[in-house]
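# An overview of the molecular structure
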Amino acid sequence: MHGKVLSFGELLLRICPDIEQDWIEQHQLPFYIGGAELNVATALALWGVPSSYLSAIPHNAICEAIDLYLKRKNIDTSPMQWTGDRLEFIIYLKEKI
């Protein structure tokens with residue numbers, strides 16, 4: 001296979017506290033980086049398919065850490081557009097069973 005797959009879309013941060021544990025007292029709030037298109041780019045990179053990702057994100061310390069994380073996952077972030085002033089957050093609360 002030649003070339004590289006470019007995935008593009010909105011990058012999301014999912015905040016997912018474990019409501020059955022005392023996450024406030026433990027000062028632990030897990031974040032997950034994703035979004036449908038980024039999930040595709042991540043899967044392709046894991047399968048050895050050259051993959052790059054394009055999204056618009058603000059230039060700040062959080063987004064720089066995300067960029068480094070994606071590079072460590074072998075996702076080319078050179079198409080990334082460093083612009084704007086917000087990043088989408090989703091809060092997901094697991095229901096008690």
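What you see is a predicted model; the values in this text were computed from it and never measured. (Residues numbered from 1 in each chain as written. Predicted model: local features only at pLDDT ≥ 70, side-chain atom pairs only at ≥ 80, totals over all residues. Heavy atoms only, no water.)

This part is about a nonpolar patch on the surface. A cluster of nonpolar side chains, contributed by Leu29, Phe31 and Phe89, occupies part of the molecular surface with about 270 Å² of accessible area. Along the polypeptide, Phe89 turns up in strand β8 (residues 88-91). (Patch = residues over 30% accessible without salt bridge, like charges linked within 9 Å, V, L, I, M, F, W, Y side chains within 5 Å. Areas by Shrake-Rupley, 256 points an atom, 1.4 Å probe, with all protein chains shown as cover. Salt bridge = Lys/Arg side-chain N within 4 Å of Asp/Glu carboxyl O. Helix = DSSP H or I, 4+ residues; strand = E, 2+ residues; numbered from the N terminus.)

The next subject is the sheet that holds strand β1 (residues 5-8). Reading across from one edge, β1-β4-β6 is the order of the three strands in this open sheet, with parallel pairing throughout. On the outer flanks of this sheet lie β1 and β6 (75-76), each paired with one strand and no other. One ladder, built from four bridges, connects β1 with strand β4 (residues 51-54); its direction is parallel. Pairing of Leu6 across the sheet is with Ser52, part of β4. (Pairing = 2+ DSSP bridges.)

As for its placement among the helices and strands, Ser55 is situated in the loop between β4 and β5 (56-57). Separated by 2.8 Å, the side chain of Ser55 and the backbone oxygen of Gly9 make a polar contact. A distance of 3.4 Å separates a polar side-chain atom of Ser55 from the backbone nitrogen of Leu11. Ser55 has contacts with Gly9, Glu10, Leu11, Met80 and Gln81, leaving out every residue within four places of it along the chain. (Polar contact = N/O pair within 3.5 Å; in protein donor to acceptor, adjacent residues only side chain to side chain. Contact = heavy atoms within 4.5 Å.)

On to the confidence of the model for the protein. Regions with low pLDDT carry predicted coordinates that are not meant to be interpreted in detail. Per-chain confidence: the protein averages 87 in pLDDT, with 91% of residues scoring 70 or above. Across the protein, the secondary-structure element scoring lowest on mean pLDDT is β8, at 71, and the one scoring highest is β6, at 97. (pLDDT = per-residue confidence, 0-100.)

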